[in-house]
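# Summary of structural features
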Amino acid sequence: MIIRTRRNSDIPSSEITPESAFINRRRFLGASAGIGAAAFLSRDAAGSPLSTRQDEEPNTWEEITTHNNFYEFGLDKKDPSRNAHTLVTRPWTVKVDGLCNKPGDYQLEDFIKPSTIEDRVYRFRCVEAWSMVIPWRGFPLADVIRRAEPHPSAKYVAFATLWDPEQMPERRWKPRIGWPYREGLRLDEAMHPLSLLVNGLYGKELPNQNGAPLRVIVPWKYGFKSIKSIVRMTFTEEEPPTTWATQTPGEYGFYSNVNPDVSHPRWSQATEKRIDGSRFFGSRRIDTLFLNGYADEVAHLYEGMDLQKYF
Ligand SMILES: Nc1nc2c(c(=O)[nH]1)N[C@H]1C(S)=C(S)[C@@H](COP(=O)(O)O)O[C@H]1N2
Ligand SMILES: [Mo]
């Protein structure tokens, strides 16, 4: 399968990506030669003992699609894979509104079509201290932001997930969560070339449980920032309210950058459990990297900010 790629950013991607190539780390690294490998899989930043992180092979399809957080379909990690088949992903409309010149209701196909689809292997770190390595397929979030032409006053972009109780069985939490699920990013974070809109996994269509038909992926932030099944994108001047930061403001902040030095009030973030279904004695615990290993690319976004305070 030939994947169209673009090379006009400094973040290259693999060119030829059959599933077997993802599974074999050596072949994958070969395919994404040059600085590509450094950008994705071998950024074992100085200070982190390589011995604990050398094995950054992508997780299997099975692992990525059966261990999920998608509370609209249930709270257990297995619930989304069992329940999300009721999500209807076609036709799908994304509303773009707020402070921009090109608001509108875009059909999914029209929203995606002008962009070049590419494959990116990213670490994925949930705030609950588990992690995976995931070969996403998608395109830069910056593409759709540029096409929307945000006003100079726009400083943030907010996202909302579909909320349809007919399709989404999780009604027990309705009073507590206040669906729809909402997330947001500062505009410069959203425009960073690492930030993606994702519509595929392992070169295939994105499964419902992973946020079909279109979700956000921001690899240097805790997983809950990577909002699924988006139906709305709104440009704002003020920091938008987001689901978890609103629910439990003492536990989850707006920024939520992966940071081993800032503990969650109920657990340490210094290490993470790398999900690995093949290991008889369970998954390995590995060191968590500052900004999930993407500090060289994104630390400049937070210059002058106290990342202990803005967690
Ligand atoms: N709409 C919505 N988006 C969501 C969530 C959710 O419950 N609802 N969970 C978040 C959390 S906590 C994580 S860790 C990731 C999980 O993504 P994955 O299931 O594809 O690994 O999705 C995030 N996006
Ligand atoms: Mo998460």
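You'll find the structure just up there.
Let us look at the structure shown here.

How each quantity is defined
- Residues numbered from 1 in each chain as written.
- Chains lettered and ligands numbered in written order.
- Predicted model: local features only at pLDDT ≥ 70, side-chain atom pairs only at ≥ 80, totals over all residues.
- Heavy atoms only, no water.
- Pairing = 2+ DSSP bridges.
- Helix = DSSP H or I, 4+ residues; strand = E, 2+ residues; numbered from the N terminus.
- Axes fitted to C-alpha atoms, helices over the stretch in contact; angles between N-to-C directions.
- Contact = heavy atoms within 4.5 Å.
- Buried < 20%, exposed > 50% of the residue type's maximum accessible area, 1.4 Å probe, protein only.
- Phe/Tyr/Trp six-rings, centres within 6.5 Å; stacked < 30°, edge-to-face > 60°.
- Lys NZ or Arg CZ within 6 Å of the ring centre and 35° of its normal.
- Polar contact = N/O pair within 3.5 Å; in protein donor to acceptor, adjacent residues only side chain to side chain.

Further remarks concern the sheet that holds strand β5 (residues 156-161). With mixed pairing, the 5 strands of this open sheet are ordered in space as β2-β1-β10-β5-β6. The open sheet has two edge strands, β2 (104-107) and β6 (182-186), and neither has a second partner. Put simply, the sheet's adjacent strands are angled 20° from each other on average, direction ignored. Two strands pair when backbone bridges link them, and β5 and strand β10 (residues 230-236) are joined in this way by 6 bridges, in the antiparallel orientation. Looking at the pairing, V157 lines up with F235 of β10. Sheet strands in contact with helix α7 (residues 141-148) are β1 (93-98), β5, β6 and β10, and its direction is about 60° off that of β10.

Counting buried positions along α7 gives 6 out of 8 residues, so the element sits mostly inside the fold. The complete set of buried residues in α7 reads L141, A142, D143, V144, I145 and A148.

A word on the packing of aromatic side chains. As enumerated under the stated definition, the model contains 13 aromatic pairs in all. Between F224 and Y252 the ring centres are 5.2 Å apart and the planes differ by 75°, which places this aromatic pair in the edge-to-face class. With F224 in the loop between β9 (215-217) and β10 and Y252 in the loop between α10 (243-247) and β11 (271-274), this pair connects stretches of sequence that are 28 residues apart. Of the two residues, F224 and Y252, neither departs from the other in class, the shared state being buried. When the ring centre of W61 is taken as origin, the NZ or CZ atom of K204, which lies over that ring, is 4.9 Å away. The side chain of K225 reaches across the aromatic face of F254, ending 4.1 Å from its centre.

So, on to the side chain of E251. Mapped onto the elements of the fold, E251 is located in the loop between α10 and β11. Here the side chain of E251 touches R266 through a polar contact of 2.8 Å, side chain to side chain. Not counting chain neighbours up to four residues away, the residues in contact with E251 comprise H264, P265, R266 and F311.

Looking down a regular strand, the side chains alternate between one sheet face and the other. Counting buried positions along strand β3 (residues 118-125) gives 8 out of 8 residues, so the element sits mostly inside the fold. Because side chains alternate across β3, one face comprises the buried residues E118, R120, Y122 and F124, and the other comprises D119, V121, R123 and R125, equally buried. Across 8 bridges, the pairing between β3 and strand β4 (residues 130-140) is antiparallel. Each residue of the ladder has a partner; that of D119, found in β4, is R137. Counted between consecutive antiparallel strands, the loop separating β3 from β4 contains 4 residues, among which A129 sits at a positive phi close to 75°.

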